[in-house]
Amino acid sequence: MSETSDEPVNTSYAKAPTRTVTAGGVTYAYRELGPRGGVPVVFFVHLAATLDNWDPRIVDPVARERHVVAFDNRGVGASTGEVPDTVEAMAADAAAFVRALGFGEIDVFSFSLGGMVAQVLASEHPGLVRRLVLTGTGPAGGKDIDKVARTTYYDMARAALARSDPKEFLFFNRDATGKKAGRAFVERLGERTADRDAPIKVKAFQKQLKAIKRWGRSAPADLSVITQPTLIANGDNDRMVPSVLSEDLHRRIPGSELVIYPDSGHGGIFQYHREFAPVAVEFLTR
């Protein structure tokens, strides 16, 4: 949807309206913000996440420079249909969604499961993806990715006992710095008060876990086919998708750039949002 010149451009994710578009019999919920025109940046979200799980301190700086689109995967949040049980099918859905909005080329910002989907999209639809940001993620066949479910259920139990949000355990170290960063992150996710998304259903969450396990147990992919400029980032102590896998991606994706943040976990980019957001914006606006 184009914005007229006298309309102020919204660059606040917390205020972005939720819209829908239908492709292949699936109605996808999405939010868009930032100046229209040029190549949009599409955000690919993590396991169990809906539109409400993006950190505004990451999205808003990108939206000040670029047209940003975030969406619910099939069967998640307000999107219809059933969650696929393979990452490859999720990538096919993402391609259908992007094309339904009329985009012929996008930049991708991805986190965790979203980064797995993004790798397939960039490999199978090379003309669709111009630039790629992969954070907190790993390659097909990556060591210990198939243990994500075990780690997730363990940390969910720990969080329940502590009456905390599971993301505080899954994304952040449990030292004083990590605990503080985790609480701040969860507070930021609550900045949107109106038009909140529907939470993911248990069955959908379980199918996503199944897809991640398959990804972890599948044969390694030839990542040399990803020739798009790629920025890779993570914390140095990622318990969900081991940090060494970010280094593995960096070695295998030609010309890629790697940023590892110290004393941080899976949510390193959120803990270090002040440092990371400018790096991401610079990369995406080259």
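Structural notes, computed from the coordinates. Given the structure is predicted, the values throughout are model-derived calculations rather than measurements.

1. Overview of the nonpolar core
- The biggest cluster of nonpolar side chains holds 89 residues, and the ones touching the most others in it are Phe 43, Trp 54, Phe 109 and Phe 276.
- Contacts of Phe 109, omitting those with residues within four sequence positions, involve Val 41, Val 42, Phe 43, Phe 44, Trp 54, Ile 58, Val 133, Thr 135, Ile 269, Phe 276, Ala 280 and Leu 284.

2. Section: the sheet that holds strand S1 (residues 18-23)
- Spatially, S1-S2-S4-S3-S5-S6-S7-S8 is the arrangement adopted by the eight strands of the open sheet, whose pairing is mixed. Single-partner strands in this sheet number two, and they are S1 and strand S8 (257-261). Adjacent strand axes in the sheet meet at a mean angle of 25° when their direction is disregarded.
- Seen against the sheet, helix H3 (residues 113-124) touches strand S3 (41-44), strand S5 (106-111) and strand S6 (129-135) and runs at an angle of roughly 145° to S5.

3. Topic: the pattern of salt bridges
- Summed over all chains, the structure comprises 24 salt bridges.
- We note a salt bridge from Asp 195 to Arg 192, for which the minimum N-O separation is 3.0 Å.
- For Asp 195, a relative accessible area of 46% gives the class partly exposed.
- Residues joined by salt bridges that share partners form a network here, namely Arg 19, Glu 32 and Arg 36.

4. Observations regarding the pairing of S5
- For S5, the tally of buried residues reaches six of six residues, placing the bulk of the element in the interior.
- The alternating pattern of S5 places Ile 106, Val 108 and Ser 110 on one face and Asp 107, Phe 109 and Phe 111 on the opposite face, and all of these are buried.
- One ladder, built from four bridges, connects S3 with S5; its direction is parallel. Bridge pairing in S5 links Val 41 to Asp 107.
- Both S5 and S6 contribute to a ladder of six bridges, which runs parallel.

5. Some words on empty space enclosed by the protein
- The full count for this structure, using the stated rule, is two cavities of 30 Å³ or more.
- Estimated volume of the largest cavity: approximately 60 Å³.
- Around the largest cavity, the lining residues are Tyr 13, Ala 14, Asp 52, Trp 54, Pro 56, Arg 188, Leu 189, Glu 191, Arg 192 and Arg 196.
- The residue inventory of the lining of the largest cavity, partitioned by class, reads five nonpolar, no polar and five charged.
- The calculated volume of the second largest cavity comes to roughly 30 Å³.
- Lining the second largest cavity are Phe 169, Leu 170, Phe 171, Phe 172, Asn 173, Asn 237, Arg 239, Gly 265 and His 266.
- Residues of the lining of the second largest cavity, tallied by class, amount to four nonpolar, four polar and one charged.

6. Some details on the packing of helix H2 (residues 87-100) against helix H7 (residues 202-217)
- Interhelical geometry of H2 versus H7 gives an angle of 115° and a closest axis separation of 8 Å. Judged by the angle between their axes, H2 and H7 are roughly perpendicular. On H7, the residues touching Val 87, Glu 88 and Met 90 of H2 are Gln 208, Ala 211 and Trp 215.
- Classifying every residue of the contact of H2 with H7 gives four nonpolar, one polar and one charged.

7. Considerations on the environment of Tyr 153
- Along the polypeptide, Tyr 153 turns up in helix H4 (residues 148-162).
- Here the alpha-carbon distance between Tyr 153 and Val 26, two residues 127 residues apart in the chain, equals 29 Å.
- Ignoring anything within four residues of it in the chain, the contact list for Tyr 153 reads Phe 205, Gln 206 and Leu 209.

Cut-offs applied
- Residues numbered from 1 in each chain as written.
- Predicted model: local features only at pLDDT ≥ 70, side-chain atom pairs only at ≥ 80, totals over all residues.
- Heavy atoms only, no water.
- Core = buried A, V, L, I, M, F, W, Y, C linked by side-chain atoms within 4.5 Å.
- Buried < 20%, exposed > 50% of the residue type's maximum accessible area, 1.4 Å probe, protein only.
- Contact = heavy atoms within 4.5 Å.
- Pairing = 2+ DSSP bridges.
- Helix = DSSP H or I, 4+ residues; strand = E, 2+ residues; numbered from the N terminus.
- Axes fitted to C-alpha atoms, helices over the stretch in contact; angles between N-to-C directions.
- Salt bridge = Lys/Arg side-chain N within 4 Å of Asp/Glu carboxyl O.
- 1 Å grid on protein atoms, 1.4 Å probe; cavity = no way out; pocket = protein on both sides within 12 Å on 5 of 7 lines; lining within 4 Å.
- Points joined across faces, edges and corners; volume = space filled by probe spheres on them.
- Nonpolar A, V, L, I, M, F, W, Y, C, P; charged D, E, K, R; others polar.
- Parallel < 35°, antiparallel > 145°, perpendicular 65-115°, else oblique.

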